[in-house]
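Overview (structure and organization)
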Amino acid sequence: MGAAVAGPGGVARRSVVQTHVPQRQLGRVVGHIETIGSLPIPLAYLAAGHAADSVGTRPVMVVCAATMLAVAIAPLLLPDVRRLRLTPEPPVVAHPPP
């Protein structure tokens, strides 16, 4: 996800994660997001190289651009994503005050 969703989308994603994931789990969650998001990159390079050899670079670039646009817009179609707000979590209190 890191490389695929860069720029303003990456900032928004990171803001939502940092706001909604508890502090003690933040490192683990971000690590998983970055790892899972970067797994398809080598496969995409391999597929794009073979496709460019077969059909040419221009059609491959058009398909890649359309795919990136669709991936960037698709989350906005989900109601839960549209309802997300960047409101901080209340602090966790180990012992409530008397």
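Residues numbered from 1 in each chain as written. Predicted model: local features only at pLDDT ≥ 70, side-chain atom pairs only at ≥ 80, totals over all residues. Heavy atoms only, no water.

The number of helices and strands found in the protein chain is five helices and zero strands. Counting from the amino terminus, helix and strand elements in the protein chain follow one another as α-α-α-α-α. Among the 98 residues that make up the protein chain, the fraction classed as buried is 9%. A sequence separation of at least 24 residues applies to 50% of the contacts in the protein chain between residues at least 6 apart. A total of about 8000 Å² of accessible surface is found on the protein chain, and carbon and sulfur atoms cover 71% of it. (Helix = DSSP H or I, 4+ residues; strand = E, 2+ residues; numbered from the N terminus. Buried < 20%, exposed > 50% of the residue type's maximum accessible area, 1.4 Å probe, protein only. Contact = heavy atoms within 4.5 Å. Areas by Shrake-Rupley, 256 points an atom, 1.4 Å probe, with all protein chains shown as cover.)

A contiguous nonpolar patch, built from Leu-69, Ile-73, Leu-76, Leu-78, Val-81 and Leu-84 and spanning about 510 Å² of accessible area, is present on the exposed surface. With respect to the helices, strands and loops of the structure, Leu-78 is situated in the loop between α4 (57-73) and α5 (79-82). (Patch = residues over 30% accessible without salt bridge, like charges linked within 9 Å, V, L, I, M, F, W, Y side chains within 5 Å. Salt bridge = Lys/Arg side-chain N within 4 Å of Asp/Glu carboxyl O.)

A side chain with one charge may pair with a side chain of the opposite charge, provided their charged atoms come close. Evaluated as defined, the whole model comprises one salt bridge. Between Glu-34 and Arg-14 there is a salt bridge, with its nearest N and O atoms 3.7 Å apart. Of this pair, Glu-34 sits in helix α2 (residues 26-38) while Arg-14 sits in helix α1 (residues 8-20); the two residues are 20 residues apart in sequence, bridging distant segments of the chain. Relative accessible area serves as the criterion here: at 39%, Arg-14 is assigned to the partly exposed category.

In this section: the environment of Val-60. Mapped onto the fold, Val-60 is located in helix α4. For Val-60 and Ala-48, which are 12 residues apart along the polypeptide, the C-alpha to C-alpha distance reads 6.7 Å. The residues touching Val-60, leaving out its near neighbours within four places in the chain, are Ala-48, Ala-51, Ala-52 and Val-55.

Here we take up helix α3 (residues 40-55). For α3, which comprises 16 residues, the first-to-last C-alpha distance of 22 Å matches the rise-based estimate of 22 Å (1.5 Å per residue) to within 8%. Little of α3 sits out of view: just zero of its 16 residues are buried. At the C-terminal side of α3, Gly-56 shows a positive phi close to 105°. (Expected span 1.5 Å × (residues − 1).)

This next bit is on the side chain of Thr-19. With respect to the helices and strands, Thr-19 occurs in helix α1. Within the local environment of Thr-19, its side chain forms a polar contact with the backbone oxygen of Ser-15, the two atoms lying 2.7 Å apart. (Polar contact = N/O pair within 3.5 Å; in protein donor to acceptor, adjacent residues only side chain to side chain.)

Turning next to the confidence of the model for the protein chain. Overall, the predicted model of the protein chain reaches an average pLDDT of 81, with 79% of residues at or above 70. Across the protein chain, the secondary-structure element scoring lowest on mean pLDDT is α1, at 78, and the one scoring highest is α3, at 92. Low pLDDT (under 50) marks residues 1-5, which in the prediction has nine contacts with non-local residues, meaning those over four places away or in another chain. (pLDDT = per-residue confidence, 0-100.)

Turning next to the packing of α2 against α3. Viewed as axis vectors pointing N to C, α2 and α3 meet at an angle of 15°, and their least axial separation amounts to 5 Å. It follows that α2 is roughly parallel to α3 by the angle criterion. Within the contact between the two elements, α2 uses Ile-36, Gly-37 and Ser-38 and α3 uses Pro-40, Ile-41 and Pro-42. Its residues placed into classes, the contact of α2 with α3 shows four nonpolar, two polar and no charged. (Axes fitted to C-alpha atoms, helices over the stretch in contact; angles between N-to-C directions. Parallel < 35°, antiparallel > 145°, perpendicular 65-115°, else oblique. Nonpolar A, V, L, I, M, F, W, Y, C, P; charged D, E, K, R; others polar.)

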